[in-house]
Every structure is written in C-alpha cells, then in structure tokens.
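Working through the structure, step by step
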Amino acid sequence: CSHAGLVDAGYCYFNSMIRDHGIMPAGAHYTCMVDLLGRAGHLEEAEDFLEKMPSQPTADVWTALLSACRVHGNVDVAKH
C-alpha cells in the first residue's frame with residue numbers, strides 16, 4: 001500500500017482488522033500505517049496517528065516518521 005500511495009486502502013484494511021475481524025493491531029501495524037502516511041507525504045496525519053496509539057510508540061514507529069520527514073524536508077514535524 002505505501003509504495004503505491006494507497007492511503008485510503010491502508011486505512012480500510014487497518015480499520016477492518018478491528019471492526020470486521022476483532023483483531024487488535026500490534027505495534028507493527030501502527031508502524032506500517034505511519035510509514036504509509038509518511039511516504040504519501042501526510043506527515044501531520046502520521047504524527048497524529050502515532051500520538052493516538054494505545055501504547056508507547058516503538059523506535060520503529062519514530063524511525064518511520066522521521067524518515068518521512070527527511071524525505072519530504074519537513075523539519076517542523078521532525079522537531080515536534
């Protein structure tokens with residue numbers, strides 16, 4: 001999803017895990033969503049998604065966000 005820029009599809013699958021299948025997303029699922037949003041240039045949305053995680057974000061989640069900030073040249077989100 002992230003490589004093709006399919007943000008809506010990614011959200012659909014993520015939400016379907018919970019709603020349709022009763023599967024609680026693990027840390028890796030949150031990392032994938034932050035990566036998906038970041039690669040698509042939705043950095044503020046990725047940051048908001050990260051902040052709403054039910055557990056502490058892992059280093060992988062922060063790496064995904066910071067990497068996207070570097071690629072898109074967004075220092076403001078990176079500093080926040």
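Predicted, not measured: the structure shown is a model, and the values here were computed from it.

1. Description of the overall build of the protein chain
A count of helical and extended segments in the protein chain gives five helices and zero strands. For the protein chain, the sequential pattern of α-helices and β-strands runs α-α-α-α-α. In terms of C-alpha radius of gyration, the protein chain reaches 12 Å, essentially the compact-globule figure of 12 Å for 80 residues. Judged by the C-alpha coordinates and their principal axes, the protein chain covers about 40 × 30 × 15 Å. Here the protein chain, with 80 residues, has 34% of them falling under the buried criterion. Long-range pairs, those at least 24 residues apart, make up 55% of the contacts in the protein chain between residues at least 6 apart in sequence. For the protein chain, the exposed area adds up to about 5,100 Å²; of that, 56% sits on carbon and sulfur atoms. Side chains of the protein chain carry 5 positive and 10 negative charges; the gap between the two charge centres is 4 Å.

2. Points about helix α4 (residues 59-72)
For α4, built from 14 residues, the straight-helix expectation of 20 Å at 1.5 Å per residue is met to within 8% by its first-to-last C-alpha distance of 20 Å. Considered for burial, the residues of α4 that qualify are V61, A64, L65, A68 and C69. On an axial view of α4, the arc spanned by its buried residues comes to 130°, and they lie on one face. Summarising the geometry of α4, the exposed residues directed more than 90 degrees from the buried face are A59, D60, R70 and V71. Of the residues trailing α4, G73 is marked for its positive phi of about 65°.

3. Here's the deal with the nonpolar core
Core analysis: the biggest nonpolar cluster contains 18 residues, and V34, F49 and L65 have the highest contact counts within it. Mapped by element, the contributors of at least two residues to this core are α1 (7-19), α2 (27-39), α3 (43-51) and α4. Those residues in contact with L65 that sit more than four places away from it in its chain are V34, L43, A46, E47, L50 and V77.

4. What about the pattern of salt bridges?
Two side chains carrying opposite charge are able to pair once their charged atoms lie near each other. Enumeration according to the criterion identifies three salt bridges in this entry. The salt bridge involving D20 is made with R19; its shortest N-O contact spans 3.2 Å. Of the residues examined, D20 reaches a relative accessible area of 47% and is grouped as partly exposed.

5. Concerning α2
Across its 13 residues, α2 extends 18 Å between first and last C-alpha, which sits within 8% of the 18 Å expected from 1.5 Å per residue. For α2, every residue scored as buried is listed here: Y30, T31, M33, V34, L36, L37 and G38. Check the buried side of α2 and you find it contacts α1, α3 and α4.

Cut-offs and rules
- Residues numbered from 1 in each chain as written.
- Predicted model: local features only at pLDDT ≥ 70, side-chain atom pairs only at ≥ 80, totals over all residues.
- Heavy atoms only, no water.
- Helix = DSSP H or I, 4+ residues; strand = E, 2+ residues; numbered from the N terminus.
- Rg over C-alpha atoms; globule rule 2.2 N^0.38 Å.
- Buried < 20%, exposed > 50% of the residue type's maximum accessible area, 1.4 Å probe, protein only.
- Contact = heavy atoms within 4.5 Å.
- Areas by Shrake-Rupley, 256 points an atom, 1.4 Å probe, with all protein chains shown as cover.
- Lys, Arg positive; Asp, Glu negative; His and termini not counted.
- Charge placed at Lys NZ, Arg CZ, Asp CG, Glu CD.
- Expected span 1.5 Å × (residues − 1).
- Arc of directions from axis to C-beta.
- Core = buried A, V, L, I, M, F, W, Y, C linked by side-chain atoms within 4.5 Å.
- Salt bridge = Lys/Arg side-chain N within 4 Å of Asp/Glu carboxyl O.

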